[in-house]
Amino acid sequence: MQNALSQKQMAALLGISQAGYHKWETGSMGIEMEHYCRIATLCDVSLMDMLPREWQEKIREDLGV
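Overview of the structure. (Residues numbered from 1 in each chain as written. Predicted model: local features only at pLDDT ≥ 70, side-chain atom pairs only at ≥ 80, totals over all residues. Heavy atoms only, no water.)

**Focus on the overall build of the protein chain**
- The helix and strand tally for the protein chain stands at five helices and zero strands.
- In sequence order, the secondary structure elements of the protein chain are arranged as α-α-α-α-α.
- Here the C-alpha coordinates of the protein chain stretch approximately 40 × 25 × 20 Å along the principal axes.
- When each of the 65 residues of the protein chain is scored for burial, the buried share is 18%.
- When contacts within the protein chain are restricted to residue pairs at least 6 apart in sequence, those whose partners lie at least 24 apart make up 28%.
- Positive and negative side-chain charges of the protein chain, numbering 6 and 9 respectively, have mean locations separated by a distance of 6 Å. (Helix = DSSP H or I, 4+ residues; strand = E, 2+ residues; numbered from the N terminus. Buried < 20%, exposed > 50% of the residue type's maximum accessible area, 1.4 Å probe, protein only. Contact = heavy atoms within 4.5 Å. Lys, Arg positive; Asp, Glu negative; His and termini not counted. Charge placed at Lys NZ, Arg CZ, Asp CG, Glu CD.)

**Here we look at the packing of helix α1 (residues 7–14) against helix α3 (residues 33–43)**
- Direction vectors running N to C along α1 and α3 enclose 125°, while the axes themselves pass 11 Å from each other. Classified by the angle their axes make, α1 and α3 are oblique. For the pair α1 and α3, the sense of crossing is right-handed. Across from M10, L13 and L14 in α1, the residues of α3 making contact are H35, R38, I39, L42 and C43.
- The class makeup of the residues in the contact of α1 with α3 is six nonpolar, one polar and one charged. (Axes fitted to C-alpha atoms, helices over the stretch in contact; angles between N-to-C directions. Parallel < 35°, antiparallel > 145°, perpendicular 65-115°, else oblique. Left-handed = near helix turned anticlockwise from the far one by under 90°. Nonpolar A, V, L, I, M, F, W, Y, C, P; charged D, E, K, R; others polar.)

**Overview of the pattern of salt bridges**
- Evaluation of the coordinates by the stated rule reveals one salt bridge.
- As a salt-bridge pair, D62 and K58 come within 2.9 Å of each other at their nearest N and O atoms. On the criterion of helical spacing, the pair formed by D62 and K58 is a turn pair, its members being four residues apart in helix α5 (residues 53–63).
- Accessibility expressed as a relative area gives 52% for D62, which makes it exposed.
- A residue is classified by how much of its surface remains accessible, and K58, at 45% relative accessible area, is partly exposed. (Salt bridge = Lys/Arg side-chain N within 4 Å of Asp/Glu carboxyl O.)

**Description of the nonpolar core**
- M10, A11, L14, Y21, W24, I39, A40, C43 and M50 together form the largest nonpolar core, which totals nine residues.
- For this core, the elements supplying multiple residues, two or more each, are α1, α2 (18–26) and α3. (Core = buried A, V, L, I, M, F, W, Y, C linked by side-chain atoms within 4.5 Å.)

Pasting the structure below:
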């Protein structure tokens, strides 16, 4: 995902602290679904594309697509 926004800018748009956003990026803190949806919208990507590949494959398999 390529975006011209800094951590500080993304954090502000999401209504969280820059430290909190950094914790998401490093994986030391989980992200709530509401924020995944907002990040996908801000970065103009589908929510599905943000998931790990193995999750995408499992979902597609479960849905038969």
